Amino acid sequence: LPAVSSNALDHNNFDPSEDITMDVRGLSEFLMEIGACSVSITDSDKDTPEEDPVFDEPGETSCTNDVDDVLIENIYAMVLEDRAVGRNIWKRCDVSAHFPASLDVSSIIDSLRYTFNLPAAPRYTVDDVPDMDWIQHVQESWTPIITRDSKFVLRFPWHEDSLVMKACQEMEREKMQAAMAAQFDTGVKREGAVVNFYNEDSAQKQEERAYVQIELEGGIAFGTGEHPTTRLCLDWVRDTTEELLKSNTEFINFVDYGAGSGVLGIAAAAVVRDYNQKKRKQEPKSSLSSIQTVGVEIDADAIRIADDNAKKNGVEMSNYLPDIDSLDDEALSVVMRAMQRKRNKGIETLPEELNGQVYDLCAANILARPLVGLAPVLASLVKSGGKIGLSGVLFVQAESVVEAYTEFFDDVKVANEENGWVLITGTRK
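Residues numbered from 1 in each chain as written. Predicted model: local features only at pLDDT ≥ 70, side-chain atom pairs only at ≥ 80, totals over all residues. Heavy atoms only, no water.

A. Representation of the sheet that holds strand S15 (residues 409-418) in the model. One open sheet accounts for seven strands, arranged S12-S11-S10-S13-S14-S16-S15; its pairing is mixed. Looking at strand neighbours, the two that pair on one side only are strand S12 (317-320) and S15, the edges of this open sheet. When the angles between neighbouring strand axes are averaged without regard to direction, this sheet yields 15 degrees. Pairing analysis gives six bridges linking strand S13 (residues 359-365) to strand S14 (residues 382-394), with the strands arranged parallel. Following the sheet pairing, Ala 363 is matched in S14 by Gly 389. Across the sheet, helix H7 (residues 263-282) lies against strand S10 (251-257), strand S11 (290-296), S12 and S13, angled at about 175 degrees from S11, the strand it touches most. Along the sheet, helix H10 (residues 368-379) makes contact with S10, S13, S14, S15 and strand S16 (421-428), crossing S14 at roughly 175 degrees. (Pairing = 2+ DSSP bridges. Helix = DSSP H or I, 4+ residues; strand = E, 2+ residues; numbered from the N terminus. Axes fitted to C-alpha atoms, helices over the stretch in contact; angles between N-to-C directions. Contact = heavy atoms within 4.5 Å.)

Right under this line is the structure:
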């Protein structure tokens, strides 16, 4: 590949004036063959003026900002295709490899030069890897995730209660400081030596919410709360679920299409569980609400993770592969292969009684193009008057998604936005 960076090994700096190029994938495979413990490839231009991000999604048609495929093949170093995350294109790459300390670096470089017929040795640097407990190091850097408005606490098995409490306190402190700043902007009323803060919207404040804790073991499944789209969906889940509870709805049907880790379905079930516990204390003789949460996921590994996460949180959530009649050829191939693997024995497709217009709430945090194609499928699951919450959509993609769902839903709109990602909502006709 003519534009492939020759950067090899750890944290090297590419010099465009050097006419040395290597096949990035071939280089990575070669390093593994000669004894590397691991190899990673990163975008050499990341966070520099040379970075030229190209966003695309999987599918048969190209997005408007696609680069011509022939140009991609001739110029770009890496073209990463993935059904889940779309296409990512890099002009130049850095290759980092981890070797045992006993290996001689100069001999590795000589091998590279000889194997790839290079006129000179590629530029590289060598870093020592500190001897530490890396599992503990990663866990310490991964703190509990708190959603600001919906007040979900997403914690992981290694998080102690004291750490969770500290994270909640920090969030409350941030919210208090933001509220004070807003009150200053609204106005300050002085009466003698007393300063009274007031806000015109103070009378419309929502009832104070309690934190809802969810423990996750995300693994390879998407949905740990770090991405804005998960947080947007969690806010929608709490708002819509509490709205139904406060209207004395006795039974709620909830479906998460593209469930990943199961976090959205678990969140809905946890909201109902905690609401019932509070209501039981306040009104011992009152009737309680119940919820059935269903997850639909094309990835069998994610289904197992979602099932485990539901058990850990003491809630019921049933996760299934999608109905095969609703799938395109590529998705159908993925599902059929998953069903044939022995390790996936027991994983079922969505049963007939759950594959109809029975759901009060439907969440789908996927990507824009799949969401557009899934509009008839999701519409076939939501009952009249039921609500839908969609994310995984960039602001620039929102119009096409809104247009696709307007045929089936009323008041389809961008309801919220965070860091360029949006939440789209609607009510089933």
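From this point, the discussion proceeds with the structure in view.
B. Structural detail: the side chain of Asp 256. Structurally, Asp 256 can be placed in strand S10. A relative accessible area of 0% means that Asp 256 is categorised as buried. Not counting the four nearest positions on each side in its chain, Asp 256 is found in contact with Leu 264, Gly 265, Val 294, Gly 295, Val 296 and Ala 363. (Buried < 20%, exposed > 50% of the residue type's maximum accessible area, 1.4 Å probe, protein only.)

C. The packing of aromatic side chains, seen in detail. Scanning the entire structure with this criterion turns up three aromatic pairs. Considering the side-chain rings of Phe 30 and Phe 116, the 5.7 Å spacing of their centres and the 90 degrees angle between planes classify their relative orientation as edge-to-face. A residue pair is termed long-range when its members are at least 10 positions apart, and Phe 30 in helix H1 (residues 24-33) and Phe 116 in the loop between helix H3 (105-115) and helix H4 (134-141) qualify at 86 residues. Classification of Phe 30 by relative accessible area gives buried; the value is 16%. (Phe/Tyr/Trp six-rings, centres within 6.5 Å; stacked < 30°, edge-to-face > 60°.)

D. Structural context of the pairing of S14. For the crossover from S13 across H10 to S14, the handedness is right-handed. Pairing analysis gives six bridges linking S14 to S16, with the strands arranged antiparallel. Its bridge partner lying in S16, Leu 394 is registered against Trp 421. (Right-handed = clockwise from strand over helix to strand, strands pointing away.)

E. Fine view of a nonpolar patch on the surface. On the surface, Val 129, Met 132 and Trp 134 cluster together into a nonpolar patch covering about 280 Å² of accessible area. Residue position: Val 129 is located in the loop between H3 and H4. (Patch = residues over 30% accessible without salt bridge, like charges linked within 9 Å, V, L, I, M, F, W, Y side chains within 5 Å. Areas by Shrake-Rupley, 256 points an atom, 1.4 Å probe, with all protein chains shown as cover. Salt bridge = Lys/Arg side-chain N within 4 Å of Asp/Glu carboxyl O.)

F. Structural context of the side chain of Ser 150. Following the sequence through the fold, Ser 150 ends up in the loop between strand S5 (145-146) and strand S6 (152-155). By relative accessible area, Ser 150 is classed as buried at 1%. A polar contact of 2.6 Å, which involves the side chain of Ser 150, links it to the side chain of Asp 235. With residues near it in sequence (within four places) discarded, Ser 150 still touches Arg 209, Leu 234, Asp 235 and Arg 238. (Polar contact = N/O pair within 3.5 Å; in protein donor to acceptor, adjacent residues only side chain to side chain.)

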